[in-house]
Every structure is written in structure tokens, then in C-alpha cells.
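Fold and contact review
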Amino acid sequence: KGKARAVHDLLDGLSRNKVVRITTPEAETAATSMVVVLTYWLSYEYVRDPRHALEPDVAAAALNRGAFHVLSLLAPHLAPASRAHLLALAGGYREGDGA
């Protein structure tokens, strides 16, 4: 519950500063979704490829894919220019992942 509150507070701050356009119900849903992805991403990676997912040579790429997906959850709540900028930044985390 603490993680969701922290992410919700972050979204609330971004909304107050007009960085994101998100309603309170949307922020609650987005915060929960972000926490689920953050918390269970490595489990998902393991299910996708149990023999290799957490090996040291691919672990960083797995974490990067998780970061990409978490950041992507913000995209629908951004103005077009900000969305493009975020996705360009997040794209660095996605490179070569095949997700």
C-alpha cells in the first residue's frame, strides 16, 4: 500500500504542476498499475524465459523493459509534445527487447 501511495503522490504532484493531465480516479488506477508492473516485472520475465530471464548477462535488459513499461503508463496523460519526449526517453530502455 505504501508503494501505491508514493506513486499516487508523485502523480498528484505532477498533476498540480501541470506536467500530467490526470484525474484522481485515473491517478489511482495508474498508480496501482505502475506498482504492479514495478513489483512483478521480474516474475513476468521469468515466466517468459525461465532458463535465462535472471541471468546476469540479460538481467539489465529485463529491468530496462520493466522501466519502459512503467514509464509508458504515463504517456496517455501527457500533452502530445510531452508524450513524444517521454516515449523517446523511455525508448532507450526498450531497445533490443523484443517486447
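Residues numbered from 1 in each chain as written. Predicted model: local features only at pLDDT ≥ 70, side-chain atom pairs only at ≥ 80, totals over all residues. Heavy atoms only, no water.

Take the confidence of the model for the chain next. Per-residue pLDDT for the chain averages 87, and the proportion of residues at 70 or more is 95%. Model confidence for the chain, summarised as mean pLDDT per element, is weakest for helix α4 (residues 80-94) at 84 and strongest for helix α2 (residues 24-48) at 92. (pLDDT = per-residue confidence, 0-100. Helix = DSSP H or I, 4+ residues; strand = E, 2+ residues; numbered from the N terminus.)

Further remarks concern a nonpolar patch on the surface. Judged by side-chain polarity, L42, Y46, V47, L54 and L63 come together as a nonpolar surface patch covering roughly 500 Å² of accessible area. The greatest single-element share of the nonpolar patch, amounting to three residues, is contributed by α2. Along the chain, L63 turns up in helix α3 (residues 56-72). (Patch = residues over 30% accessible without salt bridge, like charges linked within 9 Å, V, L, I, M, F, W, Y side chains within 5 Å. Areas by Shrake-Rupley, 256 points an atom, 1.4 Å probe, with all protein chains shown as cover. Salt bridge = Lys/Arg side-chain N within 4 Å of Asp/Glu carboxyl O.)

Turning our attention to the packing of aromatic side chains. Inspection of every chain in the model, using the stated rule, returns one aromatic pair. Ring plane angle 50° and centroid distance 4.9 Å describe the contact between W41 and Y44, whose orientation is recorded as tilted. With W41 and Y44 both in helix α2 and three residues apart, the pair spans about one turn of that helix. W41 sits in the buried class, given a relative accessible area of 11%. (Phe/Tyr/Trp six-rings, centres within 6.5 Å; stacked < 30°, edge-to-face > 60°. Buried < 20%, exposed > 50% of the residue type's maximum accessible area, 1.4 Å probe, protein only.)

Right, let's get into unusual backbone geometry. A positive phi is found at K18, a non-glycine position, where the angle reads about 60°. By secondary structure assignment, the location of K18 is in the loop between α1 (2-16) and α2. Among the residues examined, K18 registers a relative accessible area of 73% and is labelled exposed.

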